[in-house]
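Coordinates in review
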Amino acid sequence: MAAVQVAGSLPGGQQRQAPREPPPEQGNGFRCLSARLRALRPDDSSSARTEIHLLFDQLISENYSEGGGVAPEDVSTLLVQACRLVPPNQNHLVSKVSQLIHHLLNRLQVIVDEQNLDFLLAYTISAIQQCSSWTHVEVLQALAALVYCNGSKCQKYLPDLLGKSGLLMKLSDSSQSDPEVRRAAVHCMANLCLSVPGQPYLEEPYQNICFQAFLTTLQSPKSSDMDDITFCMLLQNALKGIQSLLNGGKMKLTQTDELGALLAVLKKSMFHGLPGLSIEMPTVLYPTPLPQYDGRPPDKPQQSESSASRPTVNRKKKSKVKPKKTQQGEDEEEEEPSGEREAASVTGSGRANLREGSPQCPPSAGVQSLPFNGSGAAGKERASSPLSSSSWKRVSSSESDYSDAEGGMQSKMRSYQAKVRQGALACFLSTIKSIEKKVLYGYWSAFVPDTPELGSPQSVSLMTLTLKDPSPKTRACALQVLSAILEGSKQFLSVAEDTSDHRRAFTPFSVMIASSIRELHRCLLLALVAESSSQTLTQIIKCLANLVSNSPYNRLKLSLLTKVWNQIKPYLRHRDVNVRVSSLTLLGAVVSTHAPLPEVQLLLQQPCSSGLSNSNSATPHLSPADWWKKGSSGPFLEEASVSSPKGSSEPCWLIRLCISIVVLPKEDSCSGGDAASAAGSTYEPSPMRLEALQVLAHLARGYFSMAQVYLMELGEVICKCMGEADPSIQLHGAKLLEEVGTGLIQQYKRDSSVAPDQRVPVTLVVMFWTMMLNGPLPRALQNSEHPTLQASACDALSSILPAAFSSLPSDRQILCITLLLGLNDSKNRLVKAATSRALGVYVLFPCLRQDVIFVADTANAILMSLQDKSLNVRAKAAWSLGNLTDTLIVNMETPDPSFQEEFSGLLLLKMLRSAIEASKDKDKVKSNAVRALGNLLHFLQPSHIQKPRFAEIIEESLQALISTVLTEAAMKVRWNACYALGNVFKNPALPLGKRAPLFSLVDGLLGQHTPVCIVIKDVRHKEQPRGPPRPTTP
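Not measured: the values here are computed from a predicted model. (Residues numbered from 1 in each chain as written. Predicted model: local features only at pLDDT ≥ 70, side-chain atom pairs only at ≥ 80, totals over all residues. Heavy atoms only, no water.)

A closer look at the overall build of the protein
For clarity, the threshold we go by: Numbering of helices and strands runs from the N terminus, with a helix taken as a DSSP run of H or I at least four residues long and a strand as a DSSP run of E at least two residues long. Only protein chains enter the area calculation, which uses a 1.4 Å probe; residues under 20% of their type maximum are buried, those over 50% are exposed, and those in between are partly exposed. Each accessible area is a Shrake-Rupley result for a 1.4 Å probe, and residues are judged covered by the shown protein chains and nothing else.
Secondary structure assignment for the protein yields 49 helices and zero strands. For the protein, buried positions account for 54% of its 1034 residues. When the accessible surface of the protein is summed, it comes to about 44,600 Å², and 51% of that surface belongs to carbon and sulfur atoms.

And the structure:
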């Protein structure tokens, strides 16, 4: 019998490296065992096999900490050596080495390098082909660990694994007799589909092969020889595989049958093991035909929506599940924690016993017989038994009829079933991201509830899981999916209408959507009352905020927002900061949707104490009515009380609450959710304060008549925020200032519906802006370390009321102008664009437009910005140039000709040249460039026109306008070009009689019956033009 020999070199001639000095206490055992293993040579003797067995057992039983002092390359080298010592036909040793591969890679979180992977893959494939079937589970587990995050490096072996007669295809087939082998094979395929950012992905043919295999697995019923837990794990692996294909592989589901088949199995898996419910689904879900619907999102307003800058606490990226290495071995013993399995029961008779009559009411739970609609998205769904209230009650261990062992098995089963539902929901989330919204909304009725007909059962939907699932984690997943469906649905939901009673032989589509919106409100409010998990509660409120943001309340019956408003108010005092933040987000959505709404106006005027009491209070309490003035220092508030507008509306409790959150110290410590706040901070956590500032900005934008009562208080809040060290707080303070300034400007517009005695007096506006300019606003404008803050401060400075600017002290006026002209030289494009726009606003101010020096300085700054590489900067500069030339025309109409005489002809020449160049730019720039050209040609004086150097530039300007009219540009560009040509005819000093092309163009346009010729026709007949030019608002 040959003894195990010790060699000085490894097989293959590779010299052993000198053992490195291991770190103390970590990796010593591994290194000793690894050295012993590397010293062995292949030997078929029984003693050698015994020695190898013992070494493998010791390596498996070693206590490894995660990556504890063991280098990944050492692990890969050891595994290669282990496989070289074991022939692939030795069943027991192959089983042991497979366990070693699986254990080490999974425990130490190691991704095998490409060179060693090539050898190990060849070995495991050979082992499956040569060894007995009883070893296949262990070998497949080892293979799954090897290909984890290594799919791009396995191209060489894909035909052997995924080809028509590939190993994984055969072993994962439903005809496979061993259920564990089938599960392990599907697990391997799922790990092969897992992508790594920056690495190539599976080729499309193999993606389709895997997708069909996963889909077939999900469609196949449980075989009689497969236990429930194995079946759950099989479904989990198939769902993970599809999710990986959709996320990393960017697989597109373009075929209706393919998408419908996936949605059918996902809906079935979403309810897998849900107590008291078993649904049967058709093989394919088909979309419901929708009316003409443009899937493009609606145009966003100029100012960013709150969602763009909305703060989050522990916000997860939807559906992008970060792969965990611990899933290599698919830890079968890992169970959902008890807190995840059993939520606290609702007082009374549990979740399912809440009835529709009261505000704490869930929908009727019966799902005995669901209507069959062959062409609809819902398809054929049947419940095996009614959802009686008793079937949904949480069962504690003391109430269980099972023995301890049976109870533990039942608990484990519920945990695995919940993981299947969570996997299906995560996969659905990835599916939503991979298809267009207009395609998704064809399946709306399959996943979103509708108000049931009288006496009819409630259809199963995502809300069924939200209201009935015993696992808080699953409920949260269902809410995430529902939020993803609702996100961006404003255009789809805008068709909803139920303001009048429809008595027709059919139900219009608009009424169906309105009914669905009402049911969503009802179910989400029921879930809000019944929920006890803070994490799931946060998801419910976020989902409600998404629903509120996208619902057309101006076309729906009243009371929906009132119910939301009244039920969310107590949660503003919840101990969990995430719940409080999301509650403010929801209130922000309410006050920003279709503002101003009369229903919301009434809600804002409710007494401040209504619905806010809560024993879990962690938010600063509202003090009596003079709460703010007591804490204020300075003369502004005393003067403001004298200057406030007459007949102001009732104080707004929400504004007072938000101000208190931002500026007042918190009264008591919060729960662990407040970890987001800075250590030792006396204020509310930063996300809470940021969300409160967002709500204040929404109120200033949509309900300024209420916000104006707190004008000086808001000024103090803005100064405090912009003076803090946190840039995000400063930025939100600047955005709030911009909204308040814009609200003041809107009140003084000519077409404003606000009565003069209801407007904020100009004297009070002057006091407000004096406070701003004496505060931290100038410092924010000069804070070059935070260009986003600088740009936002520029936007805020441009929102000053013109009448108030003229009443400011002269040094404050000079400060504003100096800062803006200086910032125009900024290297940051964001700042430069904001500055160009602000200068374009200031040049229209009555007190500045006749200042030749200011207009000339502004013109030079704008001309410099027109040369910038950034399209955004050039677009803002072109808009400002158009405004500046509007100012030139206004100055022409004044009796005093001094402005025209003093304005530099050389500067006019430069402006004409820049405008001609800009007219050749993109449409965003061109539309305002032609507007400026028309104004400049109108402004030219006889003294300019007589100079030879102007003759050529005038000709080029006319040619630029003519070519713009004749090109296939956007209608607003051609409209402005026609209007500019009309302005040309207003200047009698221009020698137009010799321009035959110009008149032939005009005659040609006059013969057309299109909007393009209207302006020229009006000017030709010396009539007042029918409409102003259309500047592109920056």
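Observations regarding the packing of aromatic side chains
This is how it is decided: The criterion for an aromatic pair is that two Phe, Tyr or Trp rings (for Trp, the six-membered ring) have centres within 6.5 Å, with stacked assigned to planes under 30 degrees apart, edge-to-face to planes over 60 apart and tilted to the rest.
Scanning all chains against the criterion turns up 12 aromatic pairs. For the pair Phe-428 and Phe-447, a centre-to-centre distance of 4.5 Å together with 40 degrees between the ring planes defines the contact as tilted. Taken together, the positions of Phe-428 in helix α16 (residues 404-434) and Phe-447 in helix α18 (residues 444-447) put the pair 19 residues apart, joining distant regions of the chain. Both residues of the pair, Phe-428 and Phe-447, belong to the buried class. Judged by centre distance (5.6 Å) and plane angle (80 degrees), the ring pair of Trp-565 and Trp-653 falls under edge-to-face. One end of the pair, Trp-565, is in helix α24 (residues 560-568); the other, Trp-653, is in helix α29 (residues 653-663), with 88 residues separating them in the sequence. You can call Trp-565 buried: its relative accessible area is 0%. For Trp-653, a relative accessible area of 1% gives the class buried. Connected via pairs of aromatic rings, a cluster forms that spans Tyr-441, Trp-444, Phe-492 and Phe-509.

Quick word on the packing of helix α25 (residues 577-592) against helix α30 (residues 686-702)
The description of two helices packed together rests on the angle between their axes and the distance between the axes. Our working rule: Axes here refer to lines fitted to C-alpha atoms; in helices the fit is confined to the stretch in contact. Angles between the N-to-C directions go from 0 to 180 degrees. Orientation is classified from the angle alone, with under 35 degrees giving roughly parallel, over 145 giving roughly antiparallel, 65 to 115 giving roughly perpendicular, and any other angle giving oblique. Pairs of residues are marked as contacts when any of their non-hydrogen atoms sit within 4.5 Å. Each residue is assigned to one class: nonpolar for Ala, Val, Leu, Ile, Met, Phe, Trp, Tyr, Cys and Pro, charged for Asp, Glu, Lys and Arg, and polar for all the others, Gly among them.
One way to put it is that α25 packs onto α30 with a least axis distance of 9 Å and a crossing angle of 10 degrees. On the basis of their axis angle, the class for α25 and α30 is roughly parallel. When α25 is examined against α30, the residues Arg-580, Val-581, Leu-584, Thr-585, Gly-588, Val-591 and Ser-592 are found in contact with a partner set consisting of Pro-687, Met-688, Glu-691, Ala-692, Val-695, His-698 and Leu-699. Split into classes, the residues belonging to the contact of α25 with α30 amount to eight nonpolar, four polar and two charged.

Considering the packing of α29 against α30
The line we're drawing: Should the near helix be turned counterclockwise from the far one by less than a right angle, the crossing is left-handed, whereas a clockwise turn marks it as right-handed.
Where α29 contacts α30, the two axes come as close as 9 Å, and the packing angle between them is 145 degrees. Relative to α30, the crossing made by α29 is left-handed. Counting all contacts with α29, which are made through Leu-654, Ile-655, Cys-658, Ile-659, Ile-661 and Val-662, the residues of α30 involved are Met-688, Arg-689, Ala-692, Leu-693, Val-695, Leu-696 and Leu-699. Considering only residue class, the contact of α29 with α30 consists of 12 nonpolar, no polar and one charged.

Here's the deal with the environment of Asn-237
As for its placement among the helices and strands, Asn-237 is situated in helix α11 (residues 228-247). Here the alpha-carbon distance between Asn-237 and Val-186, two residues 51 residues apart in the chain, equals 6.2 Å.

Overview of unusual backbone geometry
In this structure, the amide linkage connecting Ala-595 to the following residue, Pro-596, adopts the cis form with an omega of -5 degrees. Relative to the assigned elements, Pro-596 resides in the loop between α25 and α26 (598-604). Residue Ser-559 is not a glycine yet carries a positive backbone phi of 95 degrees. Its place among the elements puts Ser-559 in the loop between α23 (534-550) and α24.

Considerations on the confidence of the model for the protein
When pLDDT drops low, the exact placement of atoms in the prediction is not to be read closely. Which entries qualify depends on this criterion: Note: pLDDT gives the predictor's confidence per residue, expressed from 0 to 100.
Counting all residues, the mean pLDDT for the protein is 80, and 75% of those residues have values of 70 or more. Within the model, the stretch residues 615-643 combines pLDDT values under 50 with 66 contacts to residues more than four positions away or in other chains. Long-range and interchain partners of residues 1021-1028, a stretch whose pLDDT sits below 50, account for 11 contacts in this model, where long-range means more than four residues apart.

A closer look at the environment of Gln-959
Mapped onto the secondary structure, Gln-959 falls in helix α46 (residues 948-966). C-alpha of Gln-959 to C-alpha of Ile-916: the two residues are 43 residues apart in sequence and 9.3 Å apart in space.

Describing the nonpolar core
What counts, and what does not: For the purposes of this section, nonpolar cores are sets of buried Ala, Val, Leu, Ile, Met, Phe, Trp, Tyr and Cys residues that join through side-chain atoms within 4.5 Å.
Within the largest apolar cluster, 300 residues are counted, with the highest numbers of intra-cluster contacts made by Ile-485, Leu-654 and Tyr-842. The greatest single-element share of this core, amounting to 11 residues, is contributed by α11. With near-sequence residues (within four places) excluded, Tyr-842 lies in contact with Leu-797, Ser-798, Ile-800, Phe-805, Cys-816, Ile-817, Leu-820, Leu-848 and Phe-854.

Side note on α25
Structural remark: α-helix, 3.6 residues per turn; residues separated by three or four positions point the same way. To be explicit about the condition: What a helix is expected to span follows from its residue count: subtract one and scale by 1.5 Å. In protein, a polar contact means a hydrogen-donor-capable atom and an acceptor-capable atom, both N or O and within 3.5 Å, with residues adjacent in sequence counting only if both atoms are side-chain atoms; elsewhere, any N or O pair within 3.5 Å suffices.
Look at α25: 22 Å from first C-alpha to last across 16 residues, which is about the 22 Å you get at 1.5 Å a residue. Among the 16 residues of α25, 15 are classified as buried, and the element is accordingly described as predominantly covered. At the N-terminal boundary of α25, the capping side chain belongs to Asp-576, with an oxygen 2.9 Å from the backbone nitrogen of Asn-578.

Focus: the pattern of salt bridges
Note the cut-off: When a carboxyl oxygen of Asp or Glu lies within 4 Å of a side-chain nitrogen of Lys or Arg, that pair is called a salt bridge.
All chains considered together, the criterion is met by 19 salt bridges. Measuring nitrogen to oxygen at the nearest pair gives 2.7 Å for the salt bridge that ties Glu-531 to Arg-475. Here the residue Glu-531 occupies a position in the loop between α22 (509-530) and α23, and Arg-475 occupies one in helix α20 (residues 472-486), the gap between them amounting to 56 residues. With relative accessibility at 9%, the residue Glu-531 sits in the buried group. With a closest N to O distance of 2.4 Å, Asp-498 and Arg-518 form a salt bridge. Linking Asp-498 in the loop between α21 (490-493) and α22 with Arg-518 in helix α22, this pair joins segments that are 20 residues apart in sequence.

Some details on the state of the cysteines
Basically, it comes down to this: By definition, disulfides here are pairs of cysteine sulfur atoms that lie within 2.5 Å.
For the coordinates displayed, the defined rule picks out zero disulfides. Not engaged in a disulfide, the cysteine Cys-652 finds its nearest cysteine sulfur in Cys-658; these two sulfurs lie 8.2 Å apart.

With respect to helix α5 (residues 114-130)
Under the 1.5 Å per step criterion, the end-to-end length of α5 is 24 Å for 17 residues, consistent within 8% with the ideal 24 Å. When α5 is considered as a whole, its buried residues turn out to be Asn-116, Leu-117, Leu-120, Leu-121, Tyr-123, Thr-124, Ile-125, Ser-126, Ala-127 and Ile-128.

Things to note about the environment of Pro-651
Inspection of the secondary structure puts Pro-651 in the loop between α28 (636-643) and α29. Here the alpha-carbon distance between Pro-651 and Tyr-710, two residues 59 residues apart in the chain, equals 8.5 Å. Leaving out residues up to four positions away in the same chain, Pro-651 has contacts with Leu-604 and Tyr-710.

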